[in-house]
Amino acid sequence: FFAYDPGFRGGVRIDALDGNGDGIVDIVTAPGVGLPPEVRVINYSNLQDIYRITAFEPEFMGGVFVGGNV
């Protein structure tokens, strides 16, 4: 699956955590340089968003690093 626009070539940083408390590790993504700082937590079972957050000001395009806790 594509975490962001399929045409985006700035890279995606990933990690894992149990984002919804169901005991199953979920996927955390953040874009590299070139997209707004939207971090996604995605349900591993159905690839639907559990939640999204904007990590910094929306105009920031410098990339985001993520870290989960499994």
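Each remark here, short or long, concerns the structure printed above.
Figured I'd write up the structure that's included with this text. (Residues numbered from 1 in each chain as written. Predicted model: local features only at pLDDT ≥ 70, side-chain atom pairs only at ≥ 80, totals over all residues. Heavy atoms only, no water.)

1. A few points about the overall build of the protein chain
On a plain count of helices and strands, the protein chain comes out with zero helices and four strands. Tracing the protein chain from N to C terminus, the helices and strands come up as β-β-β-β. For 70 residues, the compact-globule estimate of 2.2 N^0.38 gives 11 Å, and the protein chain sits close to it at 12 Å. Each of the three principal axes of the protein chain carries a C-alpha extent, and together these read 35 × 20 × 15 Å. Buried residues in the protein chain amount to 29% of all 70 residues. For the protein chain, the proportion of contacts with a sequence separation of at least 24, taken over those separated by at least 6, is 39%. Surface exposure of the protein chain reaches about 4,400 Å², of which carbon and sulfur atoms provide 56%. Charged side chains of the protein chain number 4 positive and 9 negative; the gap between the two group centres comes to 9 Å. (Helix = DSSP H or I, 4+ residues; strand = E, 2+ residues; numbered from the N terminus. Rg over C-alpha atoms; globule rule 2.2 N^0.38 Å. Buried < 20%, exposed > 50% of the residue type's maximum accessible area, 1.4 Å probe, protein only. Contact = heavy atoms within 4.5 Å. Areas by Shrake-Rupley, 256 points an atom, 1.4 Å probe, with all protein chains shown as cover. Lys, Arg positive; Asp, Glu negative; His and termini not counted. Charge placed at Lys NZ, Arg CZ, Asp CG, Glu CD.)

2. Focus on the packing of aromatic side chains
Within the structure shown, the criterion is met by one aromatic pair. Arranged with centres 5.2 Å apart and planes meeting at 65°, the rings of Phe56 and Phe60 form a pair that is edge-to-face. Since its relative accessible area comes to 45%, Phe56 is described here as partly exposed. Relative accessible area serves as the criterion here: at 36%, Phe60 is assigned to the partly exposed category. Between the NZ or CZ atom of Arg13 and the centre of the ring of Phe65, over which it lies, the distance is 3.8 Å. (Phe/Tyr/Trp six-rings, centres within 6.5 Å; stacked < 30°, edge-to-face > 60°. Lys NZ or Arg CZ within 6 Å of the ring centre and 35° of its normal.)

3. Notes on the pairing of strand E2 (residues 26-31)
The two faces of the sheet receive side chains in turn, since in a regular strand these alternate between them. Within E2, six of the six residues are buried, leaving the element largely enclosed by the surrounding structure. Neither face of E2 is left uncovered, since the one carrying Asp26, Val28 and Ala30 and the one carrying Ile27, Thr29 and Pro31 both have all their residues buried. Where strand E1 (residues 12-17) meets E2, six bridges bridge the pair, whose relative direction is antiparallel. Each residue of the ladder has a partner; that of Ile14, found in E2, is Thr29. Where E2 meets strand E3 (residues 38-42), three bridges bridge the pair, whose relative direction is antiparallel. The residue bridging Val28 from the neighbouring strand is Val41, located in E3. (Pairing = 2+ DSSP bridges.)

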